[in-house]
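# Descriptive structure summary
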Amino acid sequence: MALGRTRGSLLVLAGFYGVWLRGMMRSLRVGDKLFELLRLCFGPKLRSRESAAFAALVSCTFARTLLSMVSADCSGRVARALIEARWAAFAKHTAVFALLGVPAASVNAGLKYCTRMMALLFQRRLSRDINSRYIRGSNFFKAAHLPGCKIDNVDQRVTSDIERFAESAASLLTTVFKPSLDVTLLTMRLGRSLGVHAPAVVIGASLVISQLKLRLLPDVKRLAQQESEVAGLYRSSHARLIASAEEIALFQGGRRERALLDTLMGSLFRASVQLSRHQLLLGVFDQYMIKTGSPVIAWVLQARRHGSLGERPLGEIVANFVRTGAQLADLGSAVGHLVQASTKVASLAGITTRISEVIEAVHSLEAAGNNPFQRRQALGGRAGTDEKAALAAAPLSPGATGAGRQPLCLSLLAAWRRAVEELDEVEWGPGAGGPLCSDDSDEDELGSDLGARKRRTGELCAAEGIPDAADGGGRSPGLGATPGGLAMPRLMQIVSSVESGQMRRVASWQQAPFDSSQLGEVGGAIVFEKVAIALPDGQVLLHDLSFNLPLGKNVLVTGPNGSGKSSLVRVLGDLWPLAAGSITKPPASQMLFVPQRPYLVLGSLRDQLTYPLSHEEAVAKHATATAAVIAREEGTAHLPAGSRAEALDVLLRRLLCVVDPAGSLLAQFGLDEVRDWRTTLSGGQKQRVGMCRLFYHTPRYAVLDECTSAVSVEVEARIYQACRALGISLFTVSHKIELMRRFHDYQLNLDGQGGWEWTDLHAAGGGGPSPAAAATTPSARSPALP
């Protein structure tokens, strides 16, 4: 009889484990990868700290199961003694039950400790193994830069994903091993005491519920992997923001970066919510099976057995009911936890796939990274047919041809500059041009335009983070009055100064004449007055710096390394405060900074050229203007309404031809192509993109910080010719002194000791451009340092 029940129990166990393992593999679908990672976690030798931690985990699990069975027997004795009113026995068994809690509590705490230690050991072993292959030779460079070898978000994969995998794997071993031991021991014991049918019913009911769950609920593995990928992209975007903080701040790109991060955060939120909702449904199934289903089945089986026991003492019946009921409930709970493990395995599968991809990619790096690149024709490849046709159709107005294969397209640049200024006039009023406001009629006749203009002025001041200076007389900040009663244009300037040890920035409006050639004399200039620039640690780099750079003039900033050239750029961009003095300069909307390493945003090649405007913002703002420019260049009255959005792409292609006369960028990439442009483009291509961005935005002032150091001399001269033709005032930092003198009016030389020298290149015969007007600022030197 006992032997038959034992065999029956073994058959029940074999059937259960067969069905359960088949369901686990179906949920996992990456079983071979998981086993390979677990093999790496335990190491090549059997005697290791990981194996010792696992042995301790097994010991704690076995002890916990035995203590649970002993506690169930003790609970039955306590109940029997209580029913039979044997108070001495009741006190004895209660004391034994209390004493059993001491080792039970120690075992439970030890089980958690062993699980945590296993996770840490797994993380260390797996990290060392992957790093030994990834950071070997030049593998890490190949994984970041070579096509066919790139690994996306590798930083997250080898840090956060490995940590999550180690924790999940250690938890999974605990989740699987302990219930497996419970199922085995309880099935054998209940099979001998109650018969094979009792554990068979409990296990069968749990399996039915689990199969129903697997068929009705979605693929959690796919959702977990998707959430991990989006989290990696969100994290890498924040890393890009930190790494390129200076470039983004100089470009005033915070709003665009915030929009990108908000979009990624929205995607991560939606992926996490979707995964959490599906895990909620899985949890309902699991908790019902563990908390409710198992006790109900146990009670039904106990009631059936009580009917067949005949006349038995009440205490014995109660004791059997409590003992076997607890064991049946524990069996159902153990089966439920094993079925629940399939859910954890499905979530673990997504992380397993991401880590396995890194290992597989690292294995192939040395071979694939040394394969020769596939050859193709110079103008073939990724650019579409329409892009090649646009490149071939680039010849426009002859203009100054400059170097390269394409003409300089001065007529196109001039037309685009006029179109942008006309857009500002629409926003500010006739004759505006951004914050420079004018009108040919009396102020009283402007009507509602004044309110709109004042609101726009408030928006500009708010964008600069400064108060608007008092204008006096209640007049519009953009208008003055002439003796004849006509409206006079007024120019907005930002004044930064140090007063009483505090930085102060205000908006100032200066009256300007109708003759735009005289703007530099009364406003629109960059003026330094006794400015001192210091490092954050207090070291003074420049002392008593004073100069006036009028609108339409260019200055070349030179000096040895560490003399303060980059610090001067940071002060102009409001990234650093002044140590002393004051600076008057145009608002940020009229200045564009082009650093040596142009910031490349996440997105398409088009997004790089219009940054910090997104494609949608660029189309909304410039679609009409670009359509008018392209129609004028092609000799047509206007473009069809449906092609106005495409006109922006045509303009961007032709602007690229100005900075890239050989057409290498358009030959390799389409405007819609999305890549990691930081690693895709060469240094010279990045700088060409930065200068094309300058021509797209056409500011009044451009601050160039070694932004053409990686392009050829011919292309560099071509770019500066275009800037002069557009009337963009340049504040250039460069080491190519002899070349740059040809395109600049003044030179500011920093000696590296806190001193400086301002030179008029026309008066000094330095080879500067032919003077169009007399110099307004004579040569000057810094006073002696104290």
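Residues numbered from 1 in each chain as written. Predicted model: local features only at pLDDT ≥ 70, side-chain atom pairs only at ≥ 80, totals over all residues. Heavy atoms only, no water.

## Quick notes on the pattern of salt bridges
As enumerated under the stated definition, the model contains 19 salt bridges in all. Arg 116 is paired through a salt bridge with Glu 167; the nearest N and O atoms lie 3.5 Å apart. A residue pair is termed long-range when its members are at least 10 positions apart, and Arg 116 in helix α4 (residues 87–134) and Glu 167 in helix α6 (residues 154–194) qualify at 51 residues. Classification of Arg 116 as partly exposed rests on a relative accessible area of 42%. Residue class for Glu 167 comes out partly exposed when judged on its relative accessible area of 34%. (Salt bridge = Lys/Arg side-chain N within 4 Å of Asp/Glu carboxyl O. Helix = DSSP H or I, 4+ residues; strand = E, 2+ residues; numbered from the N terminus. Buried < 20%, exposed > 50% of the residue type's maximum accessible area, 1.4 Å probe, protein only.)

## A few points about the side chain of Asp 161
Tracing the backbone shows Asp 161 in helix α6. Judged by relative accessible area, which is 0%, Asp 161 ranks as buried. Among residues more than four places away in sequence, those in contact with Asp 161 are Gln 156, Ser 228, Ile 351, Arg 354 and Ile 355. (Contact = heavy atoms within 4.5 Å.)

## Comments concerning the environment of Leu 739
As for its position among the elements, Leu 739 is in helix α24 (residues 737–740). A relative accessible area of 14% places Leu 739 in the buried class. Sequence-distant contacts of Leu 739, that is, excluding residues within four places in its chain, are made with Val 713 and Glu 716.

## Some details on the side chain of Ser 48
Along the polypeptide, Ser 48 turns up in the loop between α2 (31–42) and α3 (49–83). Reaching out from Ser 48, the side chain makes a polar contact with the backbone oxygen of Phe 42 at a distance of 3.2 Å. A polar contact of 3.1 Å, which involves the side chain of Ser 48, links it to the side chain of Ser 51. Once residues within four sequence positions are removed from consideration, Ser 48 is found in contact with Phe 42 and Arg 125. (Polar contact = N/O pair within 3.5 Å; in protein donor to acceptor, adjacent residues only side chain to side chain.)

## Thoughts on the pairing of strand β4 (residues 526–534)
With 7 of 9 residues buried, β4 is to be regarded as a mostly interior element. Between β4 and the antiparallel strand that follows it, strand β5 (residues 540–549), lie 5 residues; Gly 538 among them carries a positive phi value of about 100 degrees. The sheet contact formed by β4 and strand β7 (residues 580–585) spans 4 bridges and is antiparallel. Counted as the bridge partner of Val 527 is Thr 584 from β7. (Pairing = 2+ DSSP bridges.)

## Focus: the nonpolar core
Counting 64 residues, the largest nonpolar core has Phe 16, Leu 126, Ile 130, Phe 165, Val 183 and Ile 355 as its most contacted members. If you list the elements that add at least two residues to this core, you get α1 (2–28), α2, α3, α4, α6, α7 (197–216) and α11 (314–368). Ignoring sequence-local partners within four residues, the contact set of Leu 126 consists of Leu 37, Leu 40, Cys 41, Ile 162, Phe 165 and Ile 355. Trp 416, Leu 605, Val 629 and Leu 655 belong to the second largest nonpolar core, which has 58 residues in total. (Core = buried A, V, L, I, M, F, W, Y, C linked by side-chain atoms within 4.5 Å.)

## What to know about helix α22 (residues 683–697)
Since there are 3.6 residues in each turn of an α-helix, residues three or four apart along the chain are aligned in direction. The end-to-end C-alpha distance of α22, which contains 15 residues, comes to 22 Å, matching closely the 21 Å that a straight helix rising 1.5 Å per residue would cover. When you tally the buried positions in α22, you get 13 out of 15 residues, the bulk of the element. Positive backbone phi, approximately 40 degrees, marks Thr 698, located one or two places after α22. (Expected span 1.5 Å × (residues − 1).)

## Focus on the confidence of the model for the protein
When pLDDT is averaged across the protein, the result is 74; 70% of the residues are at 70 or more. Note on residues 512–523: pLDDT is under 50 here. Beyond four places in sequence and across chains, it has 26 contacts. The low-confidence segment residues 769–778 (pLDDT under 50) makes 19 contacts with residues lying over four places distant or belonging to another chain. (pLDDT = per-residue confidence, 0-100.)

## Quick look at the packing of α3 against α4
Between α3 and α4, the shortest axis-to-axis distance is 8 Å and the interhelical angle comes to 160 degrees. Taken together, the axes of α3 and α4 lie roughly antiparallel to each other. In terms of crossing hand, the pair formed by α3 and α4 is left-handed. Per-class residue counts for the contact of α3 with α4 are 27 nonpolar, 8 polar and 6 charged. (Axes fitted to C-alpha atoms, helices over the stretch in contact; angles between N-to-C directions. Parallel < 35°, antiparallel > 145°, perpendicular 65-115°, else oblique. Left-handed = near helix turned anticlockwise from the far one by under 90°. Nonpolar A, V, L, I, M, F, W, Y, C, P; charged D, E, K, R; others polar.)

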